[in-house]
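Chain and residue survey
Chain residues, written in single-letter form:
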Amino acid sequence: MSGGEVAGILVAVFWAILVSFLAVALVRLAQTLKATTKLVADVTEQAVPLLADASATVRSAQSQLDRVDAIASDVQEVTSNASALSTTVAATFGGPLVKVAAFGYGVRQAISRRTRDEDDRRTTAKPSRRTVIVGRAVPPARRARRRRKD
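Predicted model, so just to flag it, every value in this text is computed and none were measured.

1. Quick word on the overall build of the protein
- Counting secondary structure elements, the protein contains one helix and two strands.
- Each helix (α) and strand (β) of the protein, taken in turn from the N terminus, gives the series α-β-β.

Right, here's the structure in full:
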């Protein structure tokens, strides 16, 4: 065997080993691709119903938000109407009610002052009292007359 033949055999053996490694790698790659394909199919099979449920949930949430938005706008309208009504009532009845209350207060003050004056007159004009001692009457004591300032 010559040196060229040995080199050729070495190259052939090297290529055979290389092809064997490549064949084993390709077989394992094929198995991995099959497993990956099966996994993707399983995930897709489970994900499609989940996505459908999520889509239905999002649609339902959107319809609920639309309802809440409508309710909020109605509440805002009612609030503004109540505020306008309150302002109108305050403007319409506020002034007259204050005047009626002031008039009532004045009348009460006048009546209480008049009653107080009448009570004062009654207490200053006391009827004469007599003290009774067994068997005789004693005239009332003389008091100095008070001067009234009118």
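Once the structure has been displayed, the description carries forward.
2. Section: the packing of aromatic side chains
- A full pass over the atoms with the stated rule returns one aromatic pair.
- On the basis of an interplanar angle of 70° and a centroid distance of 6.3 Å, the ring pair of Phe 14 and Trp 15 is categorised as edge-to-face.
- On the accessibility criterion, Phe 14 (52% relative accessible area) is exposed.

3. What to know about the UniProt feature "transmembrane region" (unreviewed entry) in the protein
- UniProt's feature table lists "transmembrane region" (unreviewed entry) at residues 6-29, given in the numbering used throughout.
- Helix makes up 100% of residues 6-29 and strand 0%, with an end-to-end C-alpha separation of 34 Å.

4. A few points about a nonpolar patch on the surface
- Side chains of Ile 9, Val 13, Ile 17 and Phe 21 sit close together on the surface and give an oily, nonpolar patch of about 390 Å² of accessible area.
- What makes Val 13 partly exposed here is its relative accessible area of 42%.

What counts, and where the lines are drawn
Residues numbered from 1 in each chain as written. Predicted model: local features only at pLDDT ≥ 70, side-chain atom pairs only at ≥ 80, totals over all residues. Heavy atoms only, no water. Helix = DSSP H or I, 4+ residues; strand = E, 2+ residues; numbered from the N terminus. Phe/Tyr/Trp six-rings, centres within 6.5 Å; stacked < 30°, edge-to-face > 60°. Buried < 20%, exposed > 50% of the residue type's maximum accessible area, 1.4 Å probe, protein only. UniProt positions renumbered as here; feature names shortened; annotations may be inferred. Patch = residues over 30% accessible without salt bridge, like charges linked within 9 Å, V, L, I, M, F, W, Y side chains within 5 Å. Areas by Shrake-Rupley, 256 points an atom, 1.4 Å probe, with all protein chains shown as cover. Salt bridge = Lys/Arg side-chain N within 4 Å of Asp/Glu carboxyl O.

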